[in-house]
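Chain by chain, the residues run as shown.
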Amino acid sequence: MEEKIKLSPDSFEALPKAEELDNEKIAAPSLTFVQDAWRRLKMNKGAFVSLWIIVLMIVVAFGSSFFIDHASLVKSAPNYANLPAKIPGVPINGLNGKLKVSGQWVDEYKQNNIPSGKYFVLGTDYLGRSLAERIIYGTKVSLIVALVATFFDLTIGVAYGIISGWKGGRVDNVMQRIIEIISSVPSLVIVVLMLLVLKPGMTSIIAAIAISSWTTMARMIRAETLQLKSQEYVLAARSLGESAPKIAWKHLVPNLSSIIIIQTMYTIPTAIFFEAFLSFIGIGISAPETSLGVLLNDGQKNFQFLPYQMWYPAIVLCVLMIAFNLLGDGLRDAFDPKTRR
Amino acid sequence: MRKYLLKRVFYMLLTLFLVATITFFLMKLMPGTPYSNQEKMTPQQIKIMNEQYGLNKPVWLQYLIYLGGMLHGDLGTSFQYSNQPVSYLISSRIGASAQLGLQAMIFGVLVGIIIGSFAAINRNTWIDTLCTILSIIGKSVPNFVLAVLLQFYIALKLGWFPIADWGGFSYTVLPTIALGVGPLAETARFIRTGMVDVLNSDYIELARAKGLTKFGIVYHHALRNSLIPLVTLIGPYTVALMTGSMVIENIFSIPGIGEQFVKSITTNDYPTIMGVTMLFSAGLVVVILLTDIVYGIIDPRIRLSGNGD
Amino acid sequence: MAERILDVKNLEINFHTYAGDVKAIRDVSFHLDKGETLAIVGESGSGKSVTTKSLMGLLANNAEVVGGSIMYHDQDILKKSEKEMQNIRGKDIAMIFQDPMTSLDPTMKIGQQIAEPLMKHKKMEKKKAWAQALDILKLVGIVNPEKRINEYPHQFSGGMRQRIVIAIALVCYPEILIADEPTTALDVTIQAQILDLMKELQSKIETSIIFITHDLGVVAGMADRVAVMYAGKIVEYGTVDEIFYNPQHPYTWGLLNSMPTLSSTSLEAIPGTPPDLLDPPKGDAFAARSAYAMKIDVEKEPPFFKVSDTHYAATWLLHPDAPKVTPPTEIVRRQKLFAKMSANKSVKA
């Protein structure tokens, strides 16, 4: 260590103050909260793929409104009944119009004298209606139910939670009791009871789910609001005389945003499940209207002989559920600072 | 502690009373009459039926009668099966549902704990990824879809278990799996997250600094600490099992409460609907109270503050 | 000369992060003799804690030892398997953590937590281990230990919990005790008690201590030798007197200058922040914050210059060709004291 190091004499000139190095510069790029969350979401492959699947499903389901008219959706065509999938140019058994009947692949299209130009990419149901069209429409129903449930989560749930947490005291106590009563009955049972009173159908399902879906959100928002209420910046805003709604909008909602987003992502699959469940046991949407639950119920009856009639809607429903669950997990990891390790 | 319990029990009864009231008036709003062959009945017959079921009395009197009966365990008479008390209908069917629910809960929680802790210990490896994928699928695939698939492929095609009906243990296997997969997936996810947190905590680092083996750390420190909060999930699991039973019992033709509930709904048998709703909410409220108490007992931190309450 | 039990040579540790490799430890060497206390002093993020974790084999998953060796007696700790390390941890090398509030298992009785290392390393039965746990509880000054041994961590105050953490660390009479900022999370009055306890126990059970802190005030009473760390490197090391009264590195000057003394009227803060170790500066890492920076400081990393047999500092100011600079007045005062002290010593000798 002690060997003599030869250095040029000017090495020891003092550095002028102005040349002081910028030490505050951080080598890692600085990111805003949302940018940071987005970066983490993109790194999560499952969640990112799910996001695109959901976008695709939304586009297809709602875009189909222009191509699939409701009349042809419910109109039966008995001569096309129970045809398997036939996709032009796909020579795979099961997707080429052939169906396994007692161990043999039989071309159902030929047997039923279907014109050669006719294709049903996912086959038809027992009334000869295109399964593909019905599945797309059913997906739309599921997404609408999910959308409305989300809407009530965001309005009733968030507002209820903020008011309950912010007011505190007796108001909070009463509001919490109300939630306690609602959640002391399984929410599906509430939905069922509501459906009995209302006339079964899409509107009733949405109304029923709306009534029971917001309690979890309200609870979480309340708990977080209670914590935020005692934060310095909220106290500062209060002592400066800001009005309560303004504080809620400017300080609470932005800080609650991650919880709101995450919780919403869990409400959606629950709502989709509820609709499918109710329609499956026959008290939700019923034939000739369609939804994924109705299709599953129909498909289940013929499952032994025409398994595709259940498999296709089941796959779509599962993909939808998995995508929302994965995205929910991804968003939770992206927003939750606790997992930032 | 005693004061706390009394307070809880009071609120519990209050809740049940309100649920009964709301359900009762909701049922009164129900359109149509409960008689399935109404079209064929003469007004005379309907009047006789109404008298028999007490439906001709004013609503408030019906309500009081209903509440009074409930105090004696009388939940009214079923419309669907004439002259059968709802309480008998329920008690004759509760055994199957309780057994199925309990089995599904034990199966789901135990397997979930194993999968979840396995994933946490091996986090960020392929094992973790596999466990995560399995639990996402378990959470996402609706139990009735799974039930139909199990019934068809395992029971009908492979013939390993009976297709439906209720008999010995073998009849319960497939419904238990279908019903338990939801809690299983949830438990696995919960345990994984909890244990990853615990494994990152300072006291685990101290345990490592003591020179304990990996197994010793997981078994003595991590598992206990991540299992305790699992108790809070028993309530939501009960909800999931009650809800699930409605469709699983139907698919496997199991004579349980859930199957009866769906039947009652489709036949507008509202004394039974009300009875089952009351049973579900009473069960749920009791389970939540019990889990709160158990949580206080097994977590030393809560034990103390609970005493002071 | 005392027996050398630990010798760290040219240790280099990187952390893999999404932004790149953080060079947390850059060519660190130090040693520890039997029975002495070595203090490692530095700001947060200077690499003190990482250094000690590497001694225990407890580095985080994304950390990688790039080079160097850690010789414990005649074995390299870095070459040991996890299994072998488990037999060293808690028995030969033990550790006290910073935050007593979180470092005890909340769901386990403290008796069991103390007994665990005995059951593992000494293969004791539970009963015997608990008996010994009771003894060590007395030793660390827990009142009414027979009752408290059955209690849970939340029933103890912060200071008491730190005593329990110390008990856990010392229960196997380790050869080396690593104390990672053991008093930082505690009240000042409790701090003094814990420090006294550590000193007392050190003499009782003859252990060597590596004491990590950012607080030079704590060091004066505890340590025999001091190593000053900055930006993942040791910049100066020497005996406690040499560091306190004859510091050579501008960073050490800054640290001492920012410490309250009886005579000081105002405290001087060190301007700026430590450099980003994703891309460490080329020369002397402290140059950017130093009022004494020279051209060479940003061009070339300074080697260690010898001040005395026990005292080395890595600053170009010690180069024979370097211009003489005048340190801050407080340092000049200290250096004068040091000159007087060494004069006294040589007179005595």
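Residues numbered from 1 in each chain as written. Chains lettered and ligands numbered in written order. Predicted model: local features only at pLDDT ≥ 70, side-chain atom pairs only at ≥ 80, totals over all residues. Heavy atoms only, no water.

All names here are of chain B. If you walk through the whole model with that rule in mind, you get 27 salt bridges over all chains. E259 is paired through a salt bridge with R93; the nearest N and O atoms lie 3.0 Å apart. Separated by 166 residues along the polypeptide, E259 in helix 11 (residues 257-266) and R93 in helix 4 (residues 86-121) bring together distant segments of the chain. For D128, the salt bridge goes to R192, with nearest N and O atoms at 2.7 Å. Of the two residues, D128 sits in helix 5 (residues 126-140) while R192 sits in helix 7 (residues 170-199), which places them 64 residues apart along the sequence. Its relative accessible area of 4% is what places D128 among the buried residues. Classification of R192 by relative accessible area gives partly exposed; the value is 24%. The network of salt bridges with common partners includes R93, E259 and K263. (Salt bridge = Lys/Arg side-chain N within 4 Å of Asp/Glu carboxyl O. Helix = DSSP H or I, 4+ residues; strand = E, 2+ residues; numbered from the N terminus. Buried < 20%, exposed > 50% of the residue type's maximum accessible area, 1.4 Å probe, protein only.)

Okay, the UniProt feature "domain: ABC transporter" (unreviewed entry) in chain C next. Residues annotated in UniProt with the feature "domain: ABC transporter" (unreviewed entry) correspond here to residues 8-256 of chain C. For residues 8-256 of chain C, helix accounts for 39% and strand for 28%, while the C-alpha atoms at its two ends are 26 Å apart. (UniProt positions renumbered as here; feature names shortened; annotations may be inferred.)

Residues and elements named next belong to chain C. Taking 1.5 Å of rise per residue, 14 residues should cover 20 Å, and helix 4 (residues 126-139) covers 20 Å from first to last C-alpha, within 8% of that figure. For helix 4, every residue scored as buried is listed here: A129, W130, A133, L134, I136 and L137. For helix 4, the secondary structure elements touched by its buried residues are helix 3 (110-121), helix 5 (145-148) and helix 6 (158-170). (Expected span 1.5 Å × (residues − 1). Contact = heavy atoms within 4.5 Å.)

Our next topic: the packing of aromatic side chains. As enumerated under the stated definition, the model contains 24 aromatic pairs over all chains in all. Here a set of aromatic residues connected by ring pairs shows up, and it is made of F273, F274, F277 and F280 of chain A together with F144 of chain B. We note R177 of chain A situated over the ring of Y11 of chain B; from NZ or CZ to the ring centre the distance is 3.7 Å. (Phe/Tyr/Trp six-rings, centres within 6.5 Å; stacked < 30°, edge-to-face > 60°. Lys NZ or Arg CZ within 6 Å of the ring centre and 35° of its normal.)

It is worth spelling out a nonpolar patch on the surface at this point. Judged by side-chain polarity, W311, I315 and V319 of chain A together with Y153 of chain B come together as a nonpolar surface patch covering roughly 300 Å² of accessible area. With 3 residues, the single largest contributor to the nonpolar patch is helix 13 (residues 308-335) of chain A. Locating V319 of chain A in the fold gives a position in helix 13. The partly exposed category is assigned to V319 of chain A, whose relative accessible area is 32%. (Patch = residues over 30% accessible without salt bridge, like charges linked within 9 Å, V, L, I, M, F, W, Y side chains within 5 Å. Areas by Shrake-Rupley, 256 points an atom, 1.4 Å probe, with all protein chains shown as cover.)

Moving on to unusual backbone geometry. We note that N124 of chain B has phi near 65°; this positive angle belongs to a residue other than glycine. By the element assignment, N124 of chain B lies in the loop between helix 4 and helix 5.

Taken together, the contact pairs 20 residues of chain B with 29 residues of chain C. Across the chain B-chain C interface, the total number found is 2 salt bridges. Between K53 of chain C and E205 of chain B there is a salt bridge, with its nearest N and O atoms 3.7 Å apart. Between chain B and chain C we count 13 residue pairs in polar contact (both at pLDDT 80 or more) in total. Breaking the side of chain B that touches chain C down by element, the ones donating at least two residues are helix 8 (202-209), helix 9 (214-227) and helix 13 (300-308) of chain B. The element that contributes the greatest number of residues to the side of chain B that touches chain C is helix 8 of chain B, accounting for 6 residues. The residue makeup of the side of chain B that touches chain C, split by class, is 7 nonpolar, 5 polar and 8 charged. (Polar contact = N/O pair within 3.5 Å; in protein donor to acceptor, adjacent residues only side chain to side chain. Nonpolar A, V, L, I, M, F, W, Y, C, P; charged D, E, K, R; others polar.)

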